[in-house]
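The residues making up each chain are set out below.
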Amino acid sequence: MASVNIMSVIGSAVPASLRESGLLACWYLVRDGEPVSGPLTSLLAAQTLASHLPRSLLENGTDEMKSPK
């Protein structure tokens, strides 16, 4: 079973819309190196979301948590 990790990004890796709001860092949930959530504005938000992930996301790798592009 793939594990989901929290990845932080800083500086120019932060989406422009968040940088324009003054955020210099954001967090993503990732599985096997691929994002499974959109950018989150706090580590606490990422930890909370990770603790409530649907079991199906962990077991079969669905993309139900990805934000639309």
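Reading the values: rules and limits
- Residues numbered from 1 in each chain as written.
- Predicted model: local features only at pLDDT ≥ 70, side-chain atom pairs only at ≥ 80, totals over all residues.
- Heavy atoms only, no water.
- pLDDT = per-residue confidence, 0-100.
- Helix = DSSP H or I, 4+ residues; strand = E, 2+ residues; numbered from the N terminus.
- Contact = heavy atoms within 4.5 Å.
- Buried < 20%, exposed > 50% of the residue type's maximum accessible area, 1.4 Å probe, protein only.
- Pairing = 2+ DSSP bridges.

Chemist: Would you mind going over the confidence of the model for the chain with me for this structure?
Modeler: Any region with low pLDDT has predicted coordinates that should not be read closely. Confidence in the prediction of the chain, expressed as mean pLDDT, is 84, and 77% of residues score 70 or more. Within the chain, helix H1 (residues 16-20) carries the highest mean pLDDT (97), whereas helix H3 (residues 55-60) carries the lowest (60). Every residue in residues 62-69 is under pLDDT 50, and counting partners more than four places away or in other chains gives 16 contacts.

Chemist: Please clarify how the pairing of strand E2 (residues 25-31) should be interpreted in this entry.
Modeler: Regular strands have side chains that alternate between both faces of the sheet. Most of E2 is tucked away: six of the seven residues are buried. Of the strand pairs in this sheet, strand E1 (residues 4-10) and E2 are connected by seven bridges, and their pairing is antiparallel. Among the inter-strand pairings, Ile-6 is bridged to a residue of E2, identified as Leu-29. Where E2 hands over to strand E3 (residues 34-35), the hairpin turn is made up of two residues, of which Asp-32 adopts a positive phi near 50 degrees.

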